[in-house]
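# Tertiary structure, described
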Amino acid sequence: LNSTAPNKMMKDFQSSGLFGARNVHKKILDIYYPRFDASDAAHLKLAGLSERAHIKAKEYLEANPPAGDLTPVKLGRLRLDIKRHLTDEMQAIDELVEKLIG
């Protein structure tokens, strides 16, 4: 999947382990994001993309439920599958966020 500016920005802040960058949940707050403004067309578009991605992810899980126990390995594969399924939405979100925080 393509890596765009917001992802690159996060990489600068993240520690790295055996399997690559980690601790994104701790570092996301180190990047400035403007407060949501319902009168800003870009903010509304971002909200719409997010909603569409959530719906597509839910539909994907309903059509492809994980079999058996959800082990860490299965969870990792499922996350990658969902990420691939949402490639277009994720790319559009990344591009819009790059413009917003540019």
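The notes below deal with the structure included here. (Residues numbered from 1 in each chain as written. Predicted model: local features only at pLDDT ≥ 70, side-chain atom pairs only at ≥ 80, totals over all residues. Heavy atoms only, no water.)

### Remarks on the overall build of the chain
Of regular secondary structure, the chain possesses five helices and two strands. Secondary structure elements in the chain, listed N-terminal to C-terminal, are α-β-β-α-α-α-α. Sorting the 102 residues of the chain into buried and exposed places 19% on the buried side. Looking at the chain alone, contacts between residues at least 24 apart form 54% of all its contacts between residues at least 6 apart. In the structure as shown, the chain presents an accessible area of about 7800 Å², 56% of it carried by carbon and sulfur atoms. (Helix = DSSP H or I, 4+ residues; strand = E, 2+ residues; numbered from the N terminus. Buried < 20%, exposed > 50% of the residue type's maximum accessible area, 1.4 Å probe, protein only. Contact = heavy atoms within 4.5 Å. Areas by Shrake-Rupley, 256 points an atom, 1.4 Å probe, with all protein chains shown as cover.)

### Section: helix α3 (residues 41-63)
The terminal C-alpha atoms of α3, which comprises 23 residues, lie 33 Å apart, in line with the 33 Å expected from a rise of 1.5 Å per residue. Those residues of α3 not exposed but buried are His 43, Leu 49, Ala 53, Ala 57 and Tyr 60. Buried positions along α3 lie against α4 (72-85) and α5 (87-101). Two to three positions downstream of the cap, the backbone nitrogen of Ala 42 sits 2.8 Å from a side-chain oxygen, assigning the N-cap of α3 to Asp 40. (Expected span 1.5 Å × (residues − 1). Polar contact = N/O pair within 3.5 Å; in protein donor to acceptor, adjacent residues only side chain to side chain.)

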